[in-house]
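Residues per chain, in single letters:
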Amino acid sequence: QVQLVESGGGLVQPGGSLRLSCATSVSPLFADSMGWDRQAPGNEREWVARVTNGGRINYADSVKGRFIISSDNVKNTVYLQMNTLEPEDTATYYCFFRRLGLDYWGQGTQVTVSS
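Here is a short report on the structure shown in this document. Model, not experiment: these values are computed from the prediction. (Residues numbered from 1 in each chain as written. Predicted model: local features only at pLDDT ≥ 70, side-chain atom pairs only at ≥ 80, totals over all residues. Heavy atoms only, no water.)

Counting residues in each nonpolar core, the largest one holds 28 residues, and the members touching the most others are Trp36, Leu80, Met82 and Tyr93. Mapped by element, the contributors of at least two residues to this core are strand S3 (18–24), strand S4 (33–39), strand S5 (46–52), strand S7 (67–72), strand S8 (77–82), strand S9 (91–99) and strand S11 (109–113). It is S9 that provides the largest number of residues to this core, a total of four residues. The contacts of Leu80, once residues within four sequence positions are left out, are Leu18, Arg19, Leu20, Trp36, Val48, Ala49, Phe67, Ile68, Ile69 and Tyr93. (Core = buried A, V, L, I, M, F, W, Y, C linked by side-chain atoms within 4.5 Å. Buried < 20%, exposed > 50% of the residue type's maximum accessible area, 1.4 Å probe, protein only. Helix = DSSP H or I, 4+ residues; strand = E, 2+ residues; numbered from the N terminus. Contact = heavy atoms within 4.5 Å.)

Within this structure, the stated rule accounts for two aromatic pairs. Centre to centre, the rings of Phe97 and Tyr104 are 6.2 Å apart; their planes meet at 75°, and the pair counts as edge-to-face. It is Arg45 that lies over the ring of Tyr94; its NZ or CZ is 3.8 Å from the centre. The cationic tip of Arg45 hangs over the ring face of Trp105; the distance from NZ or CZ to the ring centre is 4.8 Å. (Phe/Tyr/Trp six-rings, centres within 6.5 Å; stacked < 30°, edge-to-face > 60°. Lys NZ or Arg CZ within 6 Å of the ring centre and 35° of its normal.)

Now for unusual backbone geometry. Even without a glycine there, the phi angle at Asn76 is positive, about 50°. The backbone phi angle of Thr84 is positive, close to 45°, even though this residue is not glycine. In this fold, Thr84 is placed in the loop between S8 and S9.

With antiparallel pairing, the four strands of this open sheet are ordered in space as S1-S3-S8-S7. Edge positions in the sheet fall to strand S1 (4–7) and S7, since each has one partner strand and no second. Pairwise comparison of adjacent strand axes, ignoring direction, gives a mean angle of 15° for this sheet. (Pairing = 2+ DSSP bridges. Axes fitted to C-alpha atoms, helices over the stretch in contact; angles between N-to-C directions.)

Looking now at the pattern of salt bridges. Using the criterion set out here, one finds six salt bridges in the structure. Between Asp89 and Arg38 there is a salt bridge; the shortest N-O distance is 2.9 Å. Here the residue Asp89 occupies a position in the loop between S8 and S9, and Arg38 occupies one in strand S4, the gap between them amounting to 51 residues. Considered together, Asp89 and Arg38 belong to a single accessibility category, that of buried residues. Put simply, Glu86 and Arg66 hold a salt bridge, and the shortest N to O gap is 3.9 Å. Of this pair, Glu86 sits in the loop between S8 and S9 while Arg66 sits in the loop between strand S6 (57–59) and S7; the two residues are 20 residues apart in sequence, bridging distant segments of the chain. By relative accessible area, which is 33% here, Glu86 ends up partly exposed. Residues joined by salt bridges that share partners form a network here, namely Arg38, Glu46, Arg66, Glu86 and Asp89. (Salt bridge = Lys/Arg side-chain N within 4 Å of Asp/Glu carboxyl O.)

Have a look at this one:
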């Protein structure tokens, strides 16, 4: 069983930055991929970013150029650096760990972008 714990969410003004962290009980090296989804109230969950165990990184078009995903395999943590935040980025952000067709999720961390 893989356990994931997100942290780092909060309230930030438009144009600001936040860094989310996802601590995992299993090394990211054992994942096929890890990453982040988000879900805003009334909306479906959408994929945001992922990093594969081969080091390939992909971003949703809506965050490309503003968000940066990284992995620290010593600390068993995946990060999401979010810059130039917009009100449309307001959502609950969920970390995922994917391996052999199985997905594991954290409990989510709330990000609110508002003045």
